[in-house]
Amino acid sequence: MDYSSVLTFINGNYQKGFELLSSTQTYVQLAMLIIIYTVAFVIAYKVRHSVATLRTEPDEQAHPIRKFAFRIGGVLFPLIAIFLLQISRKTVENFEYSQWVIQVALSLAILLFFNSIIRAFVTHYYAASLFRWVGLPILFLHLVGLLPSIISALEEISIKVGNVDISAYGVARVLVFGGFLFWLGRVSSSFGKAVIKRQESLDIPTKEVFSKLFEVTLFCIIILLLLNVMGINLT
């Protein structure tokens, strides 16, 4: 076994790591991160405690939009952090600094934002577990740039049924995004019908008609998106 190439690789990466850790730019960016996360936390805290809709948790009988607005308060901190990190990344780019610290922090902020969305909006236990154990790893692989390589590897694993090639990537894509679309459709349908039923200006028959129209429209949209995910060209 040739150990020289392994030692060269380890030594090269060790030197790069040492240079990055000894660079002034690295510590400047770390200081920026501390400031950014502090500012994001303070802004999110002030907004949540200044707006009653975001501060006070509604009861079960509250309007669906009121519940939705309260849940938005749970994602303010990572959302503001992402916004500030994007600005700082452009600033660092203009100064021609190495962006690896800001980029790592931005990736972590996006993962935190996604997890906050799951915690705030996904109330079903199994759906939340699926998003955390499947959605978060997929997002992480995308952020670190490894997802295209995995997709290429999965596309090479395929079987031919008649004139149709079925790849592992195609099956995984339909299962993941198909499941997400059906979950999103069910949640959107429940939310939309709840909003329609709370419209006091409409009588009961009119509410039922609007609920059915909304449900049918949403079903058609979900089906069209699912066909697109499956790679079926409707044109």
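Look above for the structure.
Below is a short write-up of the structure. (Residues numbered from 1 in each chain as written. Predicted model: local features only at pLDDT ≥ 70, side-chain atom pairs only at ≥ 80, totals over all residues. Heavy atoms only, no water.)

Some remarks on the overall build of the protein
- Scanning the protein from N- to C-terminus turns up ten helices and two strands.
- Starting at the N terminus, the α and β elements of the protein follow one another as α-α-α-α-α-α-α-α-β-β-α-α.
- The buried share of the protein, taken over its 235 residues, is 24%.
- Residue pairs at least 24 apart in sequence account for 59% of intrachain contacts in the protein once pairs closer than 6 positions are excluded.
- For the protein, the accessible area works out to roughly 16200 Å², and carbon and sulfur atoms hold 68% of it. (Helix = DSSP H or I, 4+ residues; strand = E, 2+ residues; numbered from the N terminus. Buried < 20%, exposed > 50% of the residue type's maximum accessible area, 1.4 Å probe, protein only. Contact = heavy atoms within 4.5 Å. Areas by Shrake-Rupley, 256 points an atom, 1.4 Å probe, with all protein chains shown as cover.)

Side note on the pattern of salt bridges
- In total, this model carries one salt bridge according to the counting rule given.
- The shortest N-O distance in the salt bridge between K193 and E215 comes to 3.9 Å. Placement of K193 in helix 9 (residues 168–197) and of E215 in helix 10 (residues 204–229) is noted, with a sequence separation of 22 residues between them. (Salt bridge = Lys/Arg side-chain N within 4 Å of Asp/Glu carboxyl O.)

Let's talk about the layout of surface pockets
- Here the largest pocket is characterised by a volume of approximately 850 Å³.
- Lining the largest pocket are 29 residues, with F121, V122, W183, L184 and V187 sitting closest to its centre.
- Looking at the lining of the largest pocket, the elements that each hand over two or more residues are helix 4 (64–72), helix 6 (100–121), helix 7 (125–143) and helix 9.
- Looking at which element gives the most residues to the lining of the largest pocket, the answer is helix 9, with twelve residues.
- Considered class by class, the residues forming the lining of the largest pocket number 20 nonpolar, six polar and three charged. (1 Å grid on protein atoms, 1.4 Å probe; cavity = no way out; pocket = protein on both sides within 12 Å on 5 of 7 lines; lining within 4 Å. Points joined across faces, edges and corners; volume = space filled by probe spheres on them. Nonpolar A, V, L, I, M, F, W, Y, C, P; charged D, E, K, R; others polar.)

Digging into the nonpolar core
- Grouped together as the largest cluster of nonpolar side chains are ten residues: L33, I36, I82, L85, V92, V101, I102, A105, L106 and A109.
- Taken together, the elements giving at least two residues each to this core come down to helix 2 (24–50), helix 5 (76–94) and helix 6.
- A per-element tally of this core places helix 6 first, with five residues.
- Ignoring anything within four residues of it in the chain, the contact list for V101 reads T26, Q29, L30 and L33. (Core = buried A, V, L, I, M, F, W, Y, C linked by side-chain atoms within 4.5 Å.)

Looking at a nonpolar patch on the surface
- Together, I138, I159, I166, V171, L175, V176 and F177 line one region of the surface with nonpolar side chains, adding up to about 590 Å² of accessible area.
- With four residues, the top contributor of residues to the nonpolar patch is helix 9.
- Among the residues examined, V176 registers a relative accessible area of 32% and is labelled partly exposed. (Patch = residues over 30% accessible without salt bridge, like charges linked within 9 Å, V, L, I, M, F, W, Y side chains within 5 Å.)

Details of helix 6
- Compared with an ideal rise of 1.5 Å per residue, which puts 22 residues at 32 Å, helix 6 spans 31 Å between its outermost C-alpha atoms and is within 8% of the ideal.
- What helix 6 keeps buried is the set V101, I102, A105, L106, S107, A109, L111, S116, I118 and A120. (Expected span 1.5 Å × (residues − 1).)

Some thoughts on the environment of Y169
- With respect to the helices, strands and loops of the structure, Y169 is situated in helix 9.
- Spatially, the C-alpha atoms of Y169 and L154 are 4.9 Å apart, while their sequence positions differ by 15 residues.

Comments concerning the environment of A109
- Checked against the element boundaries, A109 lands in helix 6.
- Here the alpha-carbon distance between A109 and L79, two residues 30 residues apart in the chain, equals 8.0 Å.
- Every residue in contact with A109, bar those within four places of it in the chain, is listed here: Y37, P78, I82 and L85.

Examining the packing of helix 2 against helix 5
- It is the contact of helix 2 with helix 5, at a shortest axis distance of 8 Å, that shows an interaxial angle of 145 degrees. Considering only the axes of helix 2 and helix 5, their crossing is right-handed. Side by side, helix 2 and helix 5 meet where Q29, M32, L33, I36, Y37, V39, A40, F41, I43, A44, V47 and R48 of the first sit next to L76, F77, I80, A81, L84, L85, S88 and V92 of the second. (Axes fitted to C-alpha atoms, helices over the stretch in contact; angles between N-to-C directions. Left-handed = near helix turned anticlockwise from the far one by under 90°.)

Description of the side chain of S116
- Summarising the element assignment, S116 is placed in helix 6.
- Among the residues examined, S116 registers a relative accessible area of 3% and is labelled buried.
- Those residues in contact with S116, other than ones at most four positions away along the chain, are G74, V75 and P78.

A few points about the environment of M32
- Structurally, the position occupied by M32 is in helix 2.
- Between the C-alpha atom of M32 and that of I102, which follows or precedes it by 70 residues, the distance is 8.7 Å.
- With residues near it in sequence (within four places) discarded, M32 still touches S88 and V92.

Section: the packing of aromatic side chains
- Counted by the stated rule, this structure contains six aromatic pairs.
- In this structure an aromatic cluster arises from ring pairing among Y37, F41, Y45 and F77.
- One residue, R48, lies across the ring of F70, its end atom 5.9 Å from the ring centre. (Phe/Tyr/Trp six-rings, centres within 6.5 Å; stacked < 30°, edge-to-face > 60°. Lys NZ or Arg CZ within 6 Å of the ring centre and 35° of its normal.)

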